[in-house]
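The lines below spell out each chain.
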Amino acid sequence: MTGPQPLHERQMQRATAWGRVMVIGMILLMGFQLARVVQLKISPNEKLAAHVGSTMSSRPEFAKRGDVVDRRGRVVATSSLGYRLFVDPKLVHDLGTIAAEIAEAIDADPVEIDREIIPRRDRRYVVIRHLLEDWQVDAIRRANIRGVGLQPRLVRHYPNGELAAGLIGMVGFEHTGLGGMEHRFDQQLEPQSGRLTYLRDARQRALWIEPTGYEPGRSGETVQLSLDLVIQEIVERHMQNVVASHNAGGGRMVVLDSQTGEVLALTDILNPREGWEEQTEDPMRERHPALGRNRCVTDPYEPGSTFKPFIWAVATELGKVTLDERLDTPAVGVYRTSRGRRIRDAFNHGNATWHDVMTKSLNSGMAIVAERMSKQQMQEAIARFGFGQRTNCGLPGESPGIVTSPRAWNHYTQTSVPMGHEIAVTPMQMVQAFAVFARDGTLPRVRLTALGPEERALEVTNRVLSEEITRKTRRAMRDVMTEGTGRRAQSEKYQLFSKSGTAQLPKRDGGGYHERRYVASFIAGAPYTDPRIVVLCVIDDPDPEIGYFGGAVAGPVVRDVIDEVLIYLGVEPDQPDIEQPMVLRRP
Amino acid sequence: MLRAGHGIILIVITLLTFGVLMVSSAGLSVDPSRTVSVADVIWGRQAKLAIMAVIAMLVAMHIPTMWFYRARGVNSPIPWLVVGSIGLLLLVHVPEIGREINGARRWIFFGPINFQPSEVAKWALLFVLAWHAARRAGVMGRFFTGFVPPMIIVCIICALIGTEDLGTAVLVGAVSVGVLIAAGTKIWQVALLIPAGLAAAAMAIFTSTYRMNRVHAFFDPFQDPQGIGYHVLQSMAAVSGGGLAGRGLGNSVQKFGYLPEATTDFIYAIICEELGVAGAAVVICLYALLLICGLSIIARAVHPFQRLLGLGILLTIGMQALINLAVVTGTAPTKGIALPLLSAGGTGWILTAFCLGLLVSIDRESTELAEERIATIPSEDTAPTAAETSPA
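The shown structure was predicted, so the numbers you read here are calculated from the model rather than taken from an experiment.

1. A short note on the overall build of chain B
Part 1 of the argument: A count of helical and extended segments in chain B gives 15 helices and 3 strands.
Part 2 of the argument: Partitioning the intrachain contacts of chain B with sequence separation of at least 6 by distance along the chain shows that 71% fall at a separation of at least 24.
Part 3 of the argument: Counting every atom, chain B has about 16600 Å² of accessible surface; 69% of that belongs to carbon and sulfur.

Spelled out as structure tokens, the structure:
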């Protein structure tokens, strides 16, 4: 190779010089690109992350809402996984044929489906069916139609239909409790949905899961109610019958386990009748039976004579009267109090003993003793049984009842309350208070959930009456069944202790009482020898042409329910006649 | 002694090895039927292409570069390179031979062999320009005799490339102008062409919807993030992903369907995502070292043809890398320009390695010549003394 000529020498120098400039320029620009990389790494554009979107996906893992079971573990409410059918119109190839394709798969009316989709064609989520049957889910999966999706959802089942529907309540669209026990125990029942968070590729396929990417779901807790479905069925059957047979406006019944305070059954029936004024209404119940208010805790009523045992017992305990003391009850006509108030008995019984006042349900006798008590003693007597206070059993909308305030308390109140007038109580308050006579004089705490053995041992009770007075009152109420107003409710199997009540129905505007419209009630405990249950029946506004006395209308229902329930519970009959039938027939 | 040529060989092998690794990583799939093992990486298509590229480089480094300059008549390869390049570029439009891929006719298929003629033309033009500039060194400063003739060829080739691949046409045009300036063309002569060049580029852009979209996407990628802005946004997301340290080799997320062309034009985004700033810096340092070694070689080259050819090779590789990096980082509109020796490719790798082999050859020739010169200088032992040469 020969050496370069001068011309070439100049060209080479120029090439080298320009080469240096260009190479240095390129290296500098590459350095700038590296700086840009660092900038993108350290502080990327905020909009970048938003527009690019996340590469993480998360999928909920459905957890089951807790079951509701009765005291014997029978399922009252349970949940399962179902599927909702939806369409994303934006992904659908041909909106003109999609309805026909879906209809063919799920055997539905294509026109109906078309009506769902076409008006909402601009949306991304159009629900076609809220719940598909299993074969429809399979058919949709097989059809694999673009733009049609299945969305898993929880479905609540109530295997017993409308049995205890008002007490159990229901869940709403979001699977949360709307009423009754579903609402009361929503927190315990509510499941904790799990979540699987994973990195995905552009085609939504999972790439990998971080160790922290999986949060397992937790099913809701099972809630065991104190309710017994068999007893509930007995109660509802009898109450439906009596409300229908007496053409009553409604009926309420509570069955309480007197030893534990557990509510074994509870029902509230409304019977709208044509041509009757001021009937009890419940618009929510008309929408759904499970959404109505539970009148056993929300609607107080005047207890009438069923209230007498409470004042009778306290007056006895206070020594205001003895059981065999004869009182100046009128043989005929009315009794006039010291302030001249006229008190009328349903059936006159002159010079009755204090025991007779209970068995014959004498208003006059109650008024006589009530005048011996101070106002404070009377108010304290009411309060110690829990009247005027909520039982806090857990049902929504509970009323404390209506008790006249000490300031408004007058002579009229003092003589009315012992007869169960000028006071209003809820059925739940009534069974709670009455359970005192079925126990050893202590007031139980009513509850709607089953008690475990440990909870029973730890149960704190509130003594209301001495054991002796409790026994005396219970005995007097047993005699009500044989000598007094409860004779028509006498059971052949069990000895009951009870009290009937008949109160006039107050007008809705508070202006006095309806003529010949009543609330008939009957409360009883059984068996007398070893009380297990307390049953209250309240018949609202029975047709007076058919019957309205508590002992006649509600008494037989209570008896029938007690008979069936105690047999179901395996409680031995305690009627002497039953125990020794052969002896009685012996010549 | 380690020379700049050796440095280039090492850098080429490093880049190719790194390319095989990163292309394999970026090509990973979640499809269980397409599992990838270490053997697949070592004996895979990219590894074979890399070996072929190294072989091409080794062959080229033994080719005497001055042969391209000195051969005359029909033996001269220069006219054949011009005719061959133009012919190949025209062949893409021949049915059955030329094939449209991704909406552009850039490929020709001869049986099992397929390549982009623009790749061949890109390198061939360098020989033509260097040959012309060295031969017409005396008139390179003149407009009509020095500048216009090579520019006619450049324009024809750029026009043929630009109809299907504007990015490569711009690259070829820019490199050609660079070589011509270095060869003696006056700046004002180039400036005269700027309006015409801009007009041609503008026409190419405005007459093509997808080019317009790319320009729009460059200025406001957020305008249509799922449409025209998708490429650039996903690329920037990949660069930004993983933080300074990166997600780790093989752990890119964007390669799983988010970033299109992850193994080819956007391989640098995957490198940034997986290997972080360190990986990004290593790549840039390798290119910078390559340019510095190349500069060192051309500075020692003994003939203007070699210098201009070497400079053309450096400019092509450097500018191609620069454009690719700018596209990946969102500082230039999207173009179909690969990252030299890193992006997955067949003809690209082989031709680039071949040309760098020629650069090594220039280095070898320069060194040999220098050694020859040193050998011809008389040593002190053999040189006549003053007493011997001067008269008494």
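So that's the structure; there's more coming.
2. A word on the sheet that holds strand 20 (residues 533-540) of chain A
Residue and element names in this part refer to chain A.
Part 1 of the argument: With respect to topology, 5 strands assemble into an open sheet ordered 11-10-20-19-18, the strand pairing being antiparallel. Every other strand in the sheet has two partners, leaving strand 11 (262-270) and strand 18 (497-506) as the edge strands with one partner each. Each strand axis lies, on average, 10° off the axis of its neighbour in the sheet, ignoring direction.
Part 2 of the argument: As judged from the 8 bridges shared by strand 10 (residues 250-257) and strand 11, these two strands associate in the antiparallel manner. When the sheet's bridge partners are listed, Gly-250 is paired in strand 11 with Leu-270.
Part 3 of the argument: Across the face of the sheet, helix 17 (residues 427-438) comes into contact with strand 10, strand 11, strand 18, strand 19 (513-526) and strand 20 while running at roughly 145° to strand 20.

3. Looking at the packing of aromatic side chains
Part 1 of the argument: Scanning all chains against the criterion turns up 20 aromatic pairs over all chains.
Part 2 of the argument: A centroid spacing of 4.9 Å and a plane angle of 55° characterise the contact between Phe307(A) and Phe387(A), whose relative ring orientation is tilted. Of the two residues, Phe307(A) sits in the loop between helix 11 (295-298) and helix 12 (308-317) while Phe387(A) sits in the loop between helix 15 (375-384) and strand 14 (402-403), which places them 80 residues apart along the sequence.
Part 3 of the argument: Classification of Phe307(A) as buried rests on a relative accessible area of 0%.
Part 4 of the argument: Classification of Phe387(A) as buried rests on a relative accessible area of 3%.
Part 5 of the argument: On the numbers, 5.0 Å between centres and 90° between planes, the contact of Phe143(B) with Phe144(B) is edge-to-face.
Part 6 of the argument: With a relative accessible area of 21%, Phe143(B) lands in the partly exposed category.
Part 7 of the argument: Taken together, the aromatic side chains of Phe307(A), Phe310(A), Phe385(A), Phe387(A), Phe434(A), Phe437(A), Phe497(A) and Tyr528(A) make up a single cluster linked through ring pairs.
Part 8 of the argument: Lying across the ring of Tyr83(A), Arg141(A) places its NZ or CZ 4.9 Å from the centre.
Part 9 of the argument: Here the guanidinium or amino end of Arg135(B) rests over the ring plane of Tyr69(B), the centre of that ring lying 4.5 Å away.

4. Quick notes on the pairing of strand 19 of chain A
Look at any regular strand and the pattern is simple: side chains alternate between the two faces of the sheet.
Residue and element names in this part refer to chain A.
Part 1 of the argument: Burial analysis of strand 19 places 11 of its 14 residues in the buried class, which makes it a mostly covered element.
Part 2 of the argument: By the bridge criterion, 9 bridges tie strand 18 to strand 19 in an arrangement that is antiparallel. Bridging across to strand 19, Gln-504 finds its partner in Tyr-518.
Part 3 of the argument: In textbook terms, the turn of a hairpin is the stretch between consecutive antiparallel strands, and for strand 18 and strand 19 this stretch comprises 6 residues, one of which, Gly-510, has a positive phi near 80°.
Part 4 of the argument: Two elements, strand 19 and strand 20, share 8 bridges in a ladder whose sense is antiparallel. Paired with Val-519 across the bridge in strand 20 is Asp-540.
Part 5 of the argument: The turn joining strand 19 and strand 20, which pair antiparallel and follow one another in sequence, is formed by 6 residues.

5. Considerations on the sheet that holds strand 3 (residues 113-115) of chain B
All names here are of chain B.
Part 1 of the argument: Reading across the sheet, the 3 strands line up as 1-2-3 and stay open at both edges, with antiparallel pairing between neighbours. Edge positions in the sheet fall to strand 1 (98-101) and strand 3, since each has one partner strand and no second. The mean angle between the axes of side-by-side strands here comes to 35°, regardless of whether they run parallel or antiparallel.
Part 2 of the argument: Inspection of the sheet shows strand 2 (residues 104-110) paired to strand 3 by 3 bridges, in the antiparallel sense. Residue pairing across strands places Ile-108 opposite Phe-115, the latter belonging to strand 3.

Cut-offs applied
- Residues numbered from 1 in each chain as written.
- Chains lettered and ligands numbered in written order.
- Predicted model: local features only at pLDDT ≥ 70, side-chain atom pairs only at ≥ 80, totals over all residues.
- Heavy atoms only, no water.
- Helix = DSSP H or I, 4+ residues; strand = E, 2+ residues; numbered from the N terminus.
- Contact = heavy atoms within 4.5 Å.
- Areas by Shrake-Rupley, 256 points an atom, 1.4 Å probe, with all protein chains shown as cover.
- Pairing = 2+ DSSP bridges.
- Axes fitted to C-alpha atoms, helices over the stretch in contact; angles between N-to-C directions.
- Phe/Tyr/Trp six-rings, centres within 6.5 Å; stacked < 30°, edge-to-face > 60°.
- Buried < 20%, exposed > 50% of the residue type's maximum accessible area, 1.4 Å probe, protein only.
- Lys NZ or Arg CZ within 6 Å of the ring centre and 35° of its normal.

Everything listed is a geometric property; what it means functionally is a separate question.
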